[in-house]
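Notes for the structure review
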Amino acid sequence: MITDNDGSCRDINFTGVKWMSVEAFINKLFDSYSSVKIQLTHSGKETTEVEFRDFIDDIKKNDTSANIYAEDTNNTIQQLQMYIFTDSNGQPFIELTFFPQDLNLSAERIDEFLSLIEEWKDILEATKFFVRYENMSWKLGDTSKYSGVIYTSNMNIA
């Protein structure tokens, strides 16, 4: 389901993330991808491209979100988007998005993808992750039958 090229994207959400870990993760993206761009959106209107050193302080402000675009044809996920904002509890909300056609692996090598997501979970010091079909009405943590969740950190890599 992760590699099935059905026209829809896949999302990855992490829970329990702290801001210090977000900085480490963004540094990892800059080290791993040849092209990384960060755009901040203020109050849902004004979008500006920013440098990494300006990013973390700005994103913690109310009504500010960021979209990060990373691209490198040599990576397992060749094109990756990251959406981040400050949740009501003051912690970061993170959603990574990719399309199956941007995966640089076959279904037989899906364990490489899962290992990468586990590595990202460790960098983010997240408590859980969810790999799922895009679903605008999905509630964080919902793994019910029709939630669209494909894989979670609670599952074993088989």
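Here, every reference points to the structure presented above.
Let us look at the structure shown here.

Cut-off values and rules
- Residues numbered from 1 in each chain as written.
- Predicted model: local features only at pLDDT ≥ 70, side-chain atom pairs only at ≥ 80, totals over all residues.
- Heavy atoms only, no water.
- Pairing = 2+ DSSP bridges.
- Helix = DSSP H or I, 4+ residues; strand = E, 2+ residues; numbered from the N terminus.
- Axes fitted to C-alpha atoms, helices over the stretch in contact; angles between N-to-C directions.
- Contact = heavy atoms within 4.5 Å.
- Core = buried A, V, L, I, M, F, W, Y, C linked by side-chain atoms within 4.5 Å.
- Buried < 20%, exposed > 50% of the residue type's maximum accessible area, 1.4 Å probe, protein only.
- Expected span 1.5 Å × (residues − 1).
- Arc of directions from axis to C-beta.

Side note on the sheet that holds strand S6 (residues 92-98)
Here we have eight strands laid out as an open sheet, ordered S3-S2-S4-S5-S6-S1-S7-S8, and antiparallel in their pairing. Each of the sheet's edge strands pairs with one partner strand only, and the pair in question is strand S3 (46-50) and strand S8 (149-152). For this sheet the average axis-to-axis angle between neighbouring strands, irrespective of direction, equals 20°. Of the strand pairs in this sheet, strand S7 (residues 128-133) and S8 are connected by three bridges, and their pairing is antiparallel. Pairing of Val131 across the sheet is with Tyr151, part of S8. Where helix H1 (residues 19-32) meets the sheet, its contacts fall on strand S2 (35-42), strand S4 (64-71), strand S5 (79-86) and S6, and the angle it forms with S5 comes to roughly 160°.

Quick notes on the nonpolar core
Counting residues in each nonpolar core, the largest one holds 40 residues, and the members touching the most others are Phe14, Phe55, Phe113 and Trp120. Leaving out residues up to four positions away in the same chain, Phe113 has contacts with Ile2, Ile12, Thr76, Ile77, Phe98, Leu103, Leu105 and Val131.

Description of H1
Taking 1.5 Å per residue as the helical rise, H1 with its 14 residues ought to reach 20 Å, and the 20 Å between its terminal C-alpha atoms agrees with that figure. Trp19, Ser21, Val22, Phe25, Ile26 and Leu29 are the residues of H1 that are buried. One side of H1 carries all its buried residues, which in axial view fall inside an arc of 145°. Turned more than 90 degrees away from the buried face of H1 sit Met20 and Asp31, all of them exposed.

Focus: the environment of Tyr151
Within the secondary structure, Tyr151 is located in strand S8. Its relative accessible area of 7% is what places Tyr151 among the buried residues. In this structure, the C-alpha to C-alpha distance between Tyr151 and Ile12, residues 139 residues apart in sequence, is 9.4 Å.

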